[in-house]
Structure formats: structure tokens, C-alpha cells
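# Structural overview for review
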Amino acid sequence: MTDVAALIEDVVAGNRILAQQGVLDGFGHVSARHPSEPGRYFLSRSLAPELVTADDVMLYDLDSNVQNGDARRPYLERFIHGEIYKARPDVMAVVHSHSPSVIPFAASSIKLRPIYHMSGFLRGETEVFDIRDHFGCTDMLVRNAAQGAALAATLGARGVALMRGHGFVAVGGSVPEVIYRAIYTELNASMQQRAIGLGGTVTYLDEEEAALAEATNRGVLERPWLMWKKKALGH
Ligand code: MN
């Protein structure tokens, strides 16, 4: 299998894994930067993530124009991906999700923070992109390059940014890493709400603990990835 074919298989697996984990439903998407052409990325045509196959994956440039004359319908929010790849040369994969436990933190003054070691990548406080601050009242979707660039600016150098009234983006240095981050962002949000609901004082991982935990987890990403991929693709 070529590098490109293997990457497309991982994009397909990533879509199905996140659908199985409840991080994506009929909406949301997974992309990956081309392994040898950094000015291009792979993303499915407009399709529910659970239904994505290798044939559905299209190639885009970083202005989010579909390449190779492919006339199939693209996702409206493809600019999220193109503008993050432009702003972050280190990012090789992007997830956009509306997962339910994360939305409250995008609406609240309570910041999403790492409640356990699995989400050390959330170190510090996760920023919220409020599209209204930049573009006034919209349908909340990231529909063009300017909106994508504003979201990428809020993301900065972090692994995750929340989107008020909408969802979140996660980025990573590989497809397995971004899938891991998307899953554990949702789990952290759910557990953080339960911890807050207990009513006492909540103690989060501090910056150093979170950084140490992230470094450890990065070394064992393959373990959950191979399990998730097998469940999603059957091999
Ligand atoms: Mn969306």
C-alpha cells in the first residue's frame, strides 16, 4: 500500500471510529495533510462520517479548492481544515466535531481543562472561538477562508479550540493523534461536568503534570489506535 493509500485508509478509519465513539454523528469531519505535498489535504466529500469510504475522500489545496476537477459536493466547512493547515505547519490531521459534552464549555465561562492524565493535551485553559466577535450574527458555520483563519488564530499553538454555539476542532501530528485527542476531549468534558456537579473544589492537572502526561501518552498512541481501527474496519 502506498503512503497516500495508507493515509486515506486512516482518514476512513478515523471517520468511522469517531462515529462509533459518539464524537461525530451525521456531521463533523476528519482530514489529513498530504504526506508529500504539504500544500494539499484529504477530506471526504459531503457525507456522514460513518459512511465514508476511500472513494469518497477528495484532495484539496490549502484555499480549500477541490483538486483534479472533482465535481462532487464538498463540506461547507472545509475552510476549517485548509486554514488550520496554513497556520500550523506542524499539524498533519484535523477533526471538527459537535460532540455533546463539549458544547456546554463552548457556551460557559467555565474553561475546559484537563481533569485526568489522558487529556494532558488540554493543558492550560482551552480557548473559545466566538464567530460573532469577528463576523457578527451568522448561521455559526465556518463558511469561508476568513472565518477559518479567525478560528485558526484562536486555536494558536494549542491542540484543541472550542467554538461557541457549535463544537470544537482538534489538531494533531498524525491521524491517530487527532482521533485520540477528539475522543478524549469529549470524555474529559463529560467527566469535568460530573466533577463540577459534585459541588466541591475541582483540582485539575497543572501545566507540568499535563505536559508530562501528554508526552507519555504520545508514546502509546498506537495501542488504542490499532484497537479502534480494527473495530472500525475489521482489520
Ligand atoms: Mn460544524
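What comes next concerns the included structure. (Residues numbered from 1 in each chain as written. Predicted model: local features only at pLDDT ≥ 70, side-chain atom pairs only at ≥ 80, totals over all residues. Heavy atoms only, no water.)

Further remarks concern the overall build of the protein. Summing up its helical and strand segments, the protein has 8 helices and 7 strands in all. The globule rule puts the C-alpha radius of gyration for 235 residues at 18 Å, and the 17 Å found for the protein is close to it. Taken over the C-alpha atoms alone, the protein extends approximately 55 × 45 × 30 Å along its principal axes. For the protein, the residues scored as buried account for 50% of the 235 residues in total. Long-range pairs, those at least 24 residues apart, make up 64% of the contacts in the protein with a sequence separation of at least 6. (Helix = DSSP H or I, 4+ residues; strand = E, 2+ residues; numbered from the N terminus. Rg over C-alpha atoms; globule rule 2.2 N^0.38 Å. Buried < 20%, exposed > 50% of the residue type's maximum accessible area, 1.4 Å probe, protein only. Contact = heavy atoms within 4.5 Å.)

Turning our eyes to something else, we now look at empty space enclosed by the protein. Within this structure, the stated rule accounts for 1 cavity of 30 Å³ or more. Each pocket or cavity is described by its volume, and for the largest cavity that value is around 70 Å³. As for the largest cavity, its lining consists of M118, G120, F121, E177, Y180, R181, E214, N217, R218 and L221. When contributions to the lining of the largest cavity are tallied by element, the ones reaching two or more residues are α6 (175–198) and α7 (207–218). Each residue belonging to the lining of the largest cavity can be placed in one class, and the counts come to 4 nonpolar, 2 polar and 4 charged. (1 Å grid on protein atoms, 1.4 Å probe; cavity = no way out; pocket = protein on both sides within 12 Å on 5 of 7 lines; lining within 4 Å. Points joined across faces, edges and corners; volume = space filled by probe spheres on them. Nonpolar A, V, L, I, M, F, W, Y, C, P; charged D, E, K, R; others polar.)

Here we come to the coordination of the manganese ion. The coordination sphere of the manganese ion, as far as protein atoms go, consists of E77 (OE), H96 (NE2), H98 (NE2) and H166 (NE2), spread over 2.1 to 2.2 Å. Along the chain, the residues donating to the manganese ion fall in the pattern E-x18-H-x1-H-x67-H. Separated by 89 residues along the polypeptide, E77 in the loop between β3 (57–61) and α2 (79–87) and H166 in the loop between β6 (160–163) and β7 (167–172) bring together distant segments of the chain. The exposure classification of E77 matches that of H166, with both residues buried. (Donors = N, O, S within 2.8 Å, 3.2 Å for Na, K, Ca; no water.)

Where burial is concerned, most of strand β4 (residues 93–97) is hidden: 5 out of the 5 residues are buried. Burial along β4 is two-sided: A93, V95 and S97 facing one way and V94 and H96 facing the other are all buried. Relative to β4, strand β1 (residues 29–33) runs antiparallel, the two sharing 4 bridges. Opposite H29, over in β4, you have H96 as the bridge partner. (Pairing = 2+ DSSP bridges.)

A word on the layout of surface pockets. Of the volumes computed, that of the largest pocket is approximately 250 Å³. As for the largest pocket, its lining consists of 15 residues, of which F27, H29, S46, Y75 and L76 are closest to the centre. In the lining of the largest pocket, the residues fall into 7 nonpolar, 6 polar and 2 charged. If you go around the second largest pocket, you meet 13 residues; those closest to its centre are F121, R123, A157, R158 and G159. Looking at the lining of the second largest pocket residue by residue, the classes come out as 4 nonpolar, 2 polar and 7 charged.

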